[in-house]
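This is what each chain is made of:
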Amino acid sequence: MRNWKYTVSVIMITIVIMAIGGILWNSGTTELKPDKTTELAPDTTIESAPDTTTEPAPDTTTEPAPDSVNSEPITWQRGNQDAPITIDEYPDLGCHICIEKEVMVLQALNAYPGKIRVIHHHYAFSAFYEKLAEALEAAGEQGKFWEFHDRLIQNVPNDMPSLLALAEAVGLDMGRFNDALDSGKYTETVKKSKEEAIARGVKEVSMFINGKEYDKSPGTLEDLYNAIDNELAKLDTNDKQ
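Described below are features of the structure shown in this document. Source: prediction; values computed, not measured.

1. Points about the pairing of strand 3 (residues 116-120)
And step 1. With four of its five residues buried, strand 3 lies for the most part within the structure.
And step 2. Here strand 1 (residues 76-79) runs beside strand 3; their pairing, made up of four bridges, is antiparallel. Within the sheet, the bridge partner assigned to Trp76 lies in strand 3 and is His120.
And step 3. Examined bridge by bridge, strand 2 (residues 85-89) and strand 3 share five bridges and lie parallel to one another. Paired with Ile85 across the strands is Ile116, a residue of strand 3.

Here is the structure:
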């Protein structure tokens, strides 16, 4: 009997020890929960964007037109300033023969690159074509003399509405343009240009090549080229002597 009680006591003690040990064991081996600390995301630092700073636009500033404050005639030139051939043209823009000559001169300018300088002189006869000459000066004030000239000889205006439409099509500042025409800013300029032409002995539809009058009326492109070639040949001969 005594042995049985002893055995039961040992068993009970053993169970208690095992239970305590199990508790201790579990508390010491509890699985660590995964570290949920947010991992650092891949480096998403935005790289510097490419330099998109707009480069300065090319300088398109138009050179100022010659000073006309004192209403002195302006010399409008195109082509090579050191060219061996100078063509002085004196058109009345109401004259169809003058316009034909103007067109031929433009063709010659392209056909003889670097060899021709063209000088435009106003030589208007009627009141309206004096106004066209003033309009050319007003366009020149905005750096568009030759652009306006070339458009004008393609289709010469015959009244103020068509003249203003042409100016607008060329892209002129219409406020400045109208002010110049309405105020008569270039009336004296055009008048003096004509007076100088008459003093030189210029006649209607005159054009000069190196000071020699080209008297064809209007002539042909072949005639004009022959006249230019003759002048170039003379210069070449003089250079060789």
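Here the narrative resumes, following the displayed structure.
2. Regarding helix 4 (residues 145-154)
And step 1. When you tally the buried positions in helix 4, you get seven out of 10 residues, the bulk of the element.
And step 2. Within the sequence span of helix 4, burial applies to Phe145, Trp146, Phe148, His149, Asp150, Leu152 and Ile153.

3. Considerations on the packing of aromatic side chains
And step 1. If you walk through the whole model with that rule in mind, you get eight aromatic pairs.
And step 2. Relative to Phe145, the ring of Trp76 has its centre 4.4 Å away and its plane inclined at 10°; by these criteria the two rings are stacked. Here Phe145 lies in helix 4 and Trp76 lies in strand 1, a separation of 69 residues in the sequence. Accessibility assignment for this pair places Trp76 and Phe145 in one class, buried.
And step 3. Taken together, a centroid distance of 6.0 Å and an interplanar angle of 80° make the contact between Tyr90 and Phe208 edge-to-face. Of the two residues, Tyr90 is situated in the loop between strand 2 and helix 2 (96-111) and Phe208 in strand 4 (residues 207-209); the sequence distance between them amounts to 118 residues. Neither Tyr90 nor Phe208 differs from the other in exposure class; each is buried.

4. A few points about the sheet that holds strand 4
And step 1. The mixed open sheet is built from five strands, whose spatial order is 1-3-2-4-5. The two strands at the open ends of the sheet, each matched to only one other strand, are strand 1 and strand 5 (212-213).
And step 2. Against the sheet, helix 4 makes contact with strand 1, strand 2 and strand 3, and its axis sits at roughly 80° relative to strand 1, the strand it touches most.

5. Concerning the side chain of Thr86
And step 1. One can find Thr86 in strand 2.
And step 2. Taking relative accessible area as the criterion, Thr86 reaches 13% and is therefore assigned buried.
And step 3. At 3.2 Å, the side chain of Thr86 forms a polar contact with the side chain of Arg117.
And step 4. Those residues within four positions of Thr86 in sequence are excluded, and the remaining contacts are Arg117, Ile119, Phe208, Ile209 and Asn210.

6. Concerning the environment of Ile99
And step 1. Along the polypeptide, Ile99 turns up in helix 2.
And step 2. A relative accessible area of 12% places Ile99 in the buried class.
And step 3. C-alpha separation for the pair Ile99 and Gln154, spaced 55 residues apart in sequence, amounts to 8.5 Å.
And step 4. Setting aside residues up to four positions removed in sequence, Ile99 forms contacts with Leu93, Ile153 and Val156.

7. So, the pattern of salt bridges
And step 1. Scanning the model with the defined rule gives seven salt bridges in all.
And step 2. A salt bridge links Glu134 to Lys131; its shortest N-O distance comes to 3.6 Å. Note that Glu134 and Lys131 are positioned in helix 3 (residues 127-141) at a spacing of three residues, about one turn of the helix.
And step 3. Its relative accessible area of 5% is what places Glu134 among the buried residues.
And step 4. The partly exposed category is assigned to Lys131, whose relative accessible area is 22%.
And step 5. One salt bridge connects Lys185 with Glu141, and the closest N-O pair in it is separated by 2.7 Å.

Thresholds, definitions, all that
Residues numbered from 1 in each chain as written. Predicted model: local features only at pLDDT ≥ 70, side-chain atom pairs only at ≥ 80, totals over all residues. Heavy atoms only, no water. Buried < 20%, exposed > 50% of the residue type's maximum accessible area, 1.4 Å probe, protein only. Helix = DSSP H or I, 4+ residues; strand = E, 2+ residues; numbered from the N terminus. Pairing = 2+ DSSP bridges. Phe/Tyr/Trp six-rings, centres within 6.5 Å; stacked < 30°, edge-to-face > 60°. Contact = heavy atoms within 4.5 Å. Axes fitted to C-alpha atoms, helices over the stretch in contact; angles between N-to-C directions. Polar contact = N/O pair within 3.5 Å; in protein donor to acceptor, adjacent residues only side chain to side chain. Salt bridge = Lys/Arg side-chain N within 4 Å of Asp/Glu carboxyl O.

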